[in-house]
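Coordinate inspection notes
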Amino acid sequence: MSGHRFTAGDIFLFQQIKSLHASPARQEVVCDVQRVEPADDGYRSALWVFDLDGQREPRQITAGTALDAQPQWSPDGQRIAFLSDRAGGAPQPHLIDRDGGEARALPELPQGAESIAWLPDGRALLATGPVSVNPDAHGEVADAGDCPPPERGPDAPQVVWRLPYKLDGLGYTLAERIHLFRLDVDTGTVAQLTRGDFEVHGFQVSADGRRVAYSRTRAGAQHCTDIWVMNLDGTEDRRLTHDQASASAPSWSPDGRWIGFQGALDEGDAQARLWRIEMATGRVQALGDESIEIVPGMPPCWADDGRRFACVWAHRGLQQVVVVDANDGSCSVVVDGLRHVEHFAATPSRVVYTATSPSQAHELYACDWHGKGERQLSHLNPWWHDRPVPRVAMRRFTVPDGRGGEEEIEGWLMLPADHDGGALPLLVDVHGGPASYVLVAYTSAPHWPVLCSQGWAVLALNCVGSSSYGREFSARLRGRWGELDLQQQLAAVKALQAEGLADERVAISGKSYGGYLSAWAIGQTRVFRSAVVLAPVGNLETHYGTSDSGFYADPYSMCGEPFLNRETSVKLSPMKHVQKTCTPTLFLQGAEDERCPKCQSEELYVTIARAGSTPTEMVLYPGGSHHFWESGRPSHRLDALTRRLGWLTRWIDQPLRKPSSGTGPPPTRARAR
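For every chain, the first residue of the written sequence is number 1, and numbering continues from 1 along that sequence. Note on the predicted model: pLDDT of at least 70 is required for a residue's local features to be given, and 80 or more for side-chain atom pairs to be given and counted; whole-chain, interface and lining totals, by contrast, use all residues. Side-chain descriptors were evaluated using all non-hydrogen atoms of the structure, hydrogens and water having been removed beforehand.

**Quick look at the pattern of salt bridges**
Should the charged atoms of two oppositely charged side chains come close, the side chains can pair. By definition here, a salt bridge exists when the distance from a side-chain nitrogen of Lys or Arg to a carboxyl oxygen of Asp or Glu is within 4 Å. Under the criterion given, the structure shown has 38 salt bridges. The structure contains a network of salt bridges with shared partners spanning Arg26, Glu28, Arg56, Arg59, Arg98 and Asp99.

**Considerations on empty space enclosed by the protein**
In the cavity and pocket records, a cavity denotes points on a 1 Å grid over the protein atoms alone where a 1.4 Å probe fits but cannot get out, a pocket denotes an open set with protein on both sides within 12 Å along at least 5 of 7 lines, and lining residues are residues with an atom within 4 Å of a point. Grid points are joined across faces, edges and corners, and a volume is the space filled by probe spheres set on the points. Taken as a whole and assessed by the stated rule, the structure comprises three cavities of 30 Å³ or more. Lining the largest cavity are 13 residues, and of these Val430, His431, Cys463, Asp485 and Tyr513 lie nearest its centre. Secondary structure follows DSSP: runs of H or I at least 4 residues long count as helices, runs of E at least 2 residues long count as strands, and numbering of each begins at the N terminus. Those elements giving two or more residues to the lining of the largest cavity turn out to be α3 (485–499) and α4 (513–522). By the convention adopted, Pro, Cys, Tyr, Trp, Phe, Met, Ile, Leu, Val and Ala count as nonpolar, Lys, Arg, Asp and Glu as charged, and the other residues, Gly among them, as polar. Class assignment of the residues belonging to the lining of the largest cavity gives a composition of eight nonpolar, four polar and one charged. Lining the second largest cavity, in full, are Ile11, Phe14, Gln16, Gln34, Arg35, Val36, Tyr43, Thr443, Glu630 and Arg637. Broken down by element, the residue count for the lining of the second largest cavity peaks at three residues, all from strand β2 (residues 28–37). When the residues that make up the lining of the second largest cavity are grouped by side-chain class, the tally is four nonpolar, three polar and three charged.

**Regarding the nonpolar core**
It is characteristic of soluble globular proteins that their nonpolar side chains tend to be buried jointly. Working definition of a nonpolar core: buried Ala, Val, Leu, Ile, Met, Phe, Trp, Tyr and Cys residues. They are joined through side-chain atoms within 4.5 Å. Three labels apply to residues, based on accessible area from a 1.4 Å probe with only protein chains included: buried if under 20% of the type maximum, exposed if over 50%, partly exposed otherwise in between. Membership of the largest hydrophobic core comes to 52 residues, with the highest contact counts inside it found for Phe397, Leu426 and Trp481. The criterion used for residue contact is that any of the two residues' heavy atoms lie within 4.5 Å. Beyond its immediate sequence surroundings of up to four residues, Trp481 is in contact with Pro434, Tyr513, Tyr516, Val537, Leu540, Ser557, Met558 and Leu572. Counting 38 residues, the second-largest nonpolar core is a separate cluster that includes Phe6, Phe14, Leu645 and Trp647.

**Thoughts on the sheet that holds strand β13 (residues 176–184)**
In this scheme, strands are said to pair when DSSP sees at least two bridges between them. Strand order in the open sheet made by the four strands is β9-β10-β13-β14, with antiparallel pairing throughout. At either end of the open sheet lies a strand with only one pairing partner, and these are β9 (115–118) and β14 (190–192). The mean inter-strand angle of the sheet, taken between neighbouring strand axes irrespective of direction, is 30°. Here β9 pairs with strand β10 (residues 124–132) via four bridges, running antiparallel. Note on β10: the bridge partner recorded for Ile116 is Ala127. What counts as an axis is a line fitted to C-alpha atoms, over the stretch in contact for a helix, and the angles between N-to-C directions run from 0 to 180 degrees.

**Structural notes on the packing of aromatic side chains**
Pairing of aromatic rings covers Phe, Tyr and Trp, the last through its six-membered ring, and needs centres within 6.5 Å; plane angles under 30 degrees mean stacked, over 60 mean edge-to-face, and all others mean tilted. Counted according to the given criterion, the structure contains 18 aromatic pairs. Taking the centre distance of 6.3 Å and the plane angle of 10° together, the rings of Phe261 and Trp275 count as stacked. A residue pair is termed long-range when its members are at least 10 positions apart, and Phe261 in strand β20 (residues 258–264) and Trp275 in strand β21 (residues 273–278) qualify at 14 residues. The buried category is assigned to Trp275, whose relative accessible area is 7%. Taking the centre distance of 5.0 Å and the plane angle of 80° together, the rings of Phe551 and Tyr552 count as edge-to-face. Judged by relative accessible area, which is 22%, Tyr552 ranks as partly exposed.

**Brief notes about the environment of Gly510**
Tracing the chain through its elements places Gly510 in strand β36 (residues 502–511). Judged by its relative accessible area of 0%, Gly510 is buried. For Gly510 and Ser530, which are 20 residues apart along the polypeptide, the C-alpha to C-alpha distance reads 12 Å. Contact partners of Gly510, with chain neighbours within four places excluded, come to Asp429, Val430, Gly515, Ser518, Val532, Val533, Leu534 and Arg644.

**Description of α3**
Helices are assigned an expected span. That span is 1.5 Å times one less than the residue count. An ideal rise of 1.5 Å per residue puts 21 Å on 15 residues; α3 measures up with 21 Å between its terminal C-alpha atoms. Counted residue by residue, α3 has 11 buried out of 15 residues, so it is predominantly covered. Listing the buried residues of α3 in full gives Asp485, Leu486, Gln487, Gln488, Gln489, Leu490, Ala491, Ala492, Val493, Ala495 and Leu496.

**Some points on the sheet that holds strand β22 (residues 283–286)**
Strand order in this open sheet of four strands is β19-β20-β21-β22, and the pairing throughout is antiparallel. The open sheet has two free edges, formed respectively by β19 (246–252) and β22, since each of these has just one partner strand. With strand direction ignored, the average angle separating the axes of adjacent strands in the sheet is 30°. Where β19 lies against β20, five bridges are found, and the strand directions are antiparallel. Of the residues in β20, the one forming a bridge with Trp252 is Ile259.

**A short note on the pairing of β20**
Sheet faces and side chains relate simply in a regular strand, where the side chains alternate between the two faces. Judged by how many residues are buried, β20 sits mostly within the fold: seven of seven residues are covered. In this structure, the hairpin formed by β19 and β20 is closed by a connection of five residues, where Gly256 is found at a positive phi of approximately 75°. In this structure, β20 lies alongside β21, joined through six bridges in antiparallel fashion. Opposite Trp258, over in β21, you have Glu278 as the bridge partner.

Quick look at the structure:
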């Protein structure tokens, strides 16, 4: 076995593909590969081209001295458009030859570009980008493109007149809108195609180049989105969806007969399913069973025959590529295994995708549309194989179902590579959501391999409330946060202890909803000797009014639509019980987090600190968003990872020092397989 072991500093070695695009004209895929740049505490990315048949070596076509992102092949496969911040300031469109060389800047958008796509004739691009508006006009001037808003400095008053008015990672948003532009590559002209008090969040041009389908926010309910269609010049726009609270990622069938999209009916519902719009009649129809959950952000890729398309679905805690029949919604799995597909694209003969698992580094793969002939195309993280990779299994546990019976749940169990028996300290790692599932990407869980290298076991369960296991399983936790899933977590811990895999040294940690359940658990039970809580929901009443999404997500979760169910929210808030904890607890929090604002950690930390002698600390990361742990400043990520590991190991060998003043959960029994 290699002498190297996983360490916190490995996050500086990790490279990942952030987006990819397969050429419609040749068997090649272009990707932007991101790495940490320690010199300026930031990131750099370069464009790479990979041959899908493995006939040519991968080649890097940009220097990687800037953030080069979102590459898009031209229809003839000879050029690649991409976004880059190489000129300083916001990312702007650029163009480069498929074999590399000098990139040239394309026409600039007023405040930079957020996404781009070629028109079928290869002569122009569509792009989305921000446009300044005057928030004092309450949206009225957004239609007057020839009436520029007054200049606003960074300290200008922030007028709030509608919801949402802020967004995690962006802050105050009412001084700009995201609109759609056309960029002519040859003439250098830029034309704004959409105007109004809404934002464009995704688009695709029809194969004949005549129409654009796009997702845009809804007037009067800007947290909702609908699918619209318009002519390529911006005329004759019309709304296609009405019943869905969210509708995104539109994708045209090759013959223009259908538009596929993903969406959900209810505000606050995080589980998206497949839908189909028949353009001739305007009929909107759900595809397949409602339990089919589509991973957001990846539009379907249609086959040439227009009768099927490939997409990524979440199924039993895994992310897999499936081919869906466009008529009846039936699915066949193309890419499976104990892993998560993170990005994907397709050509007429190949599906190309990135995949990862707790024991497998992030890399690029390709196979045919039947899942045959899988080939690994990239070797971005060779350092991974120099370390003892954790032993990983998907385990099942029989646990209380909260209704007087039992049910089986699944989860990831990770053990040291050299484990040959004996009980280990155990980390219970709780996923976010709760209508989500365990995310296995290295950026989400770099502490897992480090702990396993240090002789720990890690358990990451998909308890009741998790998505990808059917609607009933997920919906059962609504209005029951903490009450049902903590019992299942504790039952699984007892099962591992009964097996002799875990001893009494048990810790808990989690982010977002995982932070909620960790904070809830330490006020309910004496099982956990150490806790690390990241970006939690601590007080549901204050989260409702301070989170960028709390005003619609929390009523859905607490069964109180259209307003918060306050009685349930008080009962289920960790704040109600956290003063009883005797578990040493560390809080890690992005200071500019708008999803679970810092007040959530502050309330919990202050309460523990004032309640008694239980050790507690809080660390705030300036500029950090809700996702500082995965994509914030590299120095902040390293600091947070080091502190998380240090806190867990510091207290794990010390039994709790005082009895709990609260009432713990009743004993639970479980069987594991």
